[in-house]
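# Breakdown of the fold
One-letter residues, chain by chain:
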Amino acid sequence: MKKSIMLAALIALVTFTSCEKNENDLPEVRASNLTPHKIGPDRMNPYEISNMQVAFDRVSSEFGLPSTSLSPNSAYIEVQLQDEDDEELLADDLSINTFDYPPHRDIVLEGDYSDWNPYNVCDTCVTPKYVTVDLNHSLPSGLVLDTLDMVYFPDEDPSWSSLLSESNIEDFYYRMEEEAYNLAGVDFGEQSSGKTSLLNRWTPNGNIKYYDKEINSPDSVKLEGMRIVVNKGIKSSRAYTDSNGDFSMTKKFSGKVRYKIQFKGDHFVLRNKVGKNQVVSTRKKGSWNKVITEQKDLYPAITYRAVYHYYNFDILNLERPYTSGNRIKIDLKGARSTGPKGTTPINKEGRKILVYTEIDNVEDITRIAFHEMQHTVQGKQPGLLSAIDLYSAESMATGVEVFLTRMYYPDYTHAIANLVTPGTPGVEIKTGGYTGLVRDLVDNDNSPEDYCSGFDLADVEDDFFSSQPGTWNDWRDEIITNRSTNQTVNKVSDLFAAWKS
């Protein structure tokens, strides 16, 4: 029987438009040319409390346990999302594992994404999500929930440790699950040996990398901070990759499990309506050592690495993006022939990014992610994104893009100037606002318009933020006033004039 419940929460309002112009795009990878997972038929949930009770009654004598009435310790819930705000509420609860389809069913044919949609709503509508939560856990308020089953996980019941020896308790957990699956008529994912063994329960682990064809890395790129979820039916666990890309779960499982990469961080989440922001394994027992090579999977993986870098690694003493409140939502879109490659909507104050870079060019995806992340930093100052001069906003983001991208690709340079006459103001640039101003202030490339060098990137950013309300000339004057010891400071006015006469 289903129970409709309303539980507790907060709501995310996450908006400014910045962009990188899109040139030489590849065709978009759309749902129309990807294959969805085929979800199997409905079946009984083995962990449902009454089924687990029968399983216990059958195996308890094997372990000398007295008759006991089990009490549920978790709930299996369908979250009836009404709109994208509901989706954001659920995504902000990092303590739970969400599924795009009912996990008591299974993926019977591997595809590229999940299109589970039991209500036949439109392609662009938000569809239900499924979670299993401890009974003591409160989901965000404002969500409409249906409890599908009250469930029982034996290895999450602490009472057994006082009744069974260390050598017997793992066998007991295994036998409970095995019997419950048999009663439900669901494949347990393991051949019965007729006896139990501590080897039957195991801890999922593995390593996650992606192949970077730009540097032809033979060992691939190790992905740190990736959220990995495993599940066997509605039972799930999660872990995060370390600096070597390694991970290991805290829960043990019996039989085969399915691994899944979820591109979520503590302060941000990557999203895509056709599901390419997750990578799913086949059902297996043993380690999952995954090297991401396919275009559809590289897109979120590379974007994730750049965003994770901006939060956790060296960014040359620049300011970090938001670390409190609702997470930044990064919506991955398909590449398009015209328009920006990335936007940070003004009205979301830097808490939402739209990226249109579905290609396999690792350097390109990396630089655009760095560019847009600098705009999220701009969004931290109330009202700045809507008031700031376009040239200032884009020049600052372009400069950060250049120097952070060079950490991975030392030869990277943003090809901004098409034509320049030495010593003459009025550089012709590709797109309005995307100037090489910051690059020229910091580096010493000796290009014709490069009148300055030796300024510190973090200082230039500080002057950018202190130049309220953020006009081109205000920023120029802040640099001249605050960085008077720089030997080329007398050329700052000329440089600003060259890039925007």
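Heads up: the structure comes first, above all this text.
Residues numbered from 1 in each chain as written. Predicted model: local features only at pLDDT ≥ 70, side-chain atom pairs only at ≥ 80, totals over all residues. Heavy atoms only, no water.

One non-glycine residue, L316, lies in the positive phi region at around 60°. Summarising the element assignment, L316 is placed in the loop between α4 (295-312) and β19 (328-333). Positioned with a positive phi, N317 is a non-glycine residue whose angle comes to about 70°. With respect to the secondary-structure elements, N317 resides in the loop between α4 and β19. Accessibility expressed as a relative area gives 67% for N317, which makes it exposed. (Helix = DSSP H or I, 4+ residues; strand = E, 2+ residues; numbered from the N terminus. Buried < 20%, exposed > 50% of the residue type's maximum accessible area, 1.4 Å probe, protein only.)

Before going further, it helps to spend a moment on the nonpolar core. If you look at the biggest cluster of nonpolar residues, it comprises 76 residues, and the most contacted ones within it are Y210, I261, F268, Y310, I330, L441 and W475. Sort the elements by how many residues they give to this core and α4 lands first, with 10 residues. Ignoring anything within four residues of it in the chain, the contact list for I330 reads F268, V269, L270, R271, T303, V307, I353 and V355. With 34 residues, the next largest nonpolar core counts I39, F56, Y152 and V229 among its residues. (Core = buried A, V, L, I, M, F, W, Y, C linked by side-chain atoms within 4.5 Å. Contact = heavy atoms within 4.5 Å.)

Counting buried residues along strand β21 (residues 352-356), 5 of its 5 residues qualify, which places the element largely inside the surrounding structure. Note: β19 against β21, 5 bridges, orientation parallel. Residue D331 lies in a different strand from β21, and its bridge partner there is L354. Where strand β20 (residues 342-343) and β21 come together, 2 bridges link them in antiparallel fashion. Of the residues in β21, the one forming a bridge with T343 is L354. (Pairing = 2+ DSSP bridges.)

All right, on to helix α2 (residues 84-91) then. Summarising burial for α2: 6 of the 8 residues are buried, a large majority. Inspection of α2 places D86, E87, E88, L89, L90 and A91 among the buried residues, and these make up the whole buried set. The elements touched by buried residues of α2 are β3 (74-79), β4 (98-99), β6 (129-134), β7 (141-151), β16 (268-271) and β19. Looking at where α2 begins, the residue whose side-chain oxygen comes 3.0 Å from the main-chain nitrogen of D86 is D83. (Polar contact = N/O pair within 3.5 Å; in protein donor to acceptor, adjacent residues only side chain to side chain.)

This part is about the sheet that holds strand β17 (residues 278-280). One open sheet holds the 4 strands; their spatial order is β12-β11-β15-β17, and the pairing between them is antiparallel. Here the strands that pair on one side only, and so sit at the sheet edges, are β12 (235-240) and β17. Put simply, the sheet's adjacent strands are angled 20° from each other on average, direction ignored. Bridge analysis of strand β11 (residues 227-232) against β12 gives 6 bridges, and the strand direction is antiparallel. Among the inter-strand pairings, N231 is bridged to a residue of β12, identified as S236. (Axes fitted to C-alpha atoms, helices over the stretch in contact; angles between N-to-C directions.)

With that settled, the discussion passes to the sheet that holds β16. Pairing within the open sheet is mixed, and its 4 strands lie in the order β16-β19-β21-β20. If you trace the sheet from one side to the other, it starts and ends with β16 and β20, each paired once. Bridge count for β16 against β19 is 4 bridges, and the pairing is parallel. Within the sheet, the bridge partner assigned to R271 lies in β19 and is D331.

Before going further, it helps to spend a moment on the side chain of E48. With respect to the helices, strands and loops of the structure, E48 is situated in the loop between β2 (38-39) and α1 (49-59). E48 gets classed as buried once you look at its relative accessible area, which sits at 17%. When neighbours within four sequence positions are excluded, E48 is seen to be in contact with D149, M150 and V151.

Taken as a whole, this structure holds 25 aromatic pairs when the rule is applied. Taken together, a centroid distance of 6.0 Å and an interplanar angle of 75° make the contact between F247 and Y259 edge-to-face. Taken together, the residues span a long stretch of sequence, with F247 in strand β13 (residues 246-248) and Y259 in strand β15 (residues 258-262) at a distance of 12 residues. By relative accessible area, Y259 is classed as buried at 0%. Taking the centre distance of 5.8 Å and the plane angle of 90° together, the rings of W475 and F496 count as edge-to-face. Here F496 lies in helix α11 (residues 492-499) and W475 lies in helix α10 (residues 472-482), a separation of 21 residues in the sequence. Site record: aromatic cluster; members linked through ring pairs are F263, F268, Y304, Y308, Y311 and F313. K232 extends its terminal NZ or CZ atom over the ring of Y181, reaching a point 4.8 Å from the ring centre. Just above the ring of F253 sits the side chain of K235; from NZ or CZ to the centre is 5.0 Å. (Phe/Tyr/Trp six-rings, centres within 6.5 Å; stacked < 30°, edge-to-face > 60°. Lys NZ or Arg CZ within 6 Å of the ring centre and 35° of its normal.)

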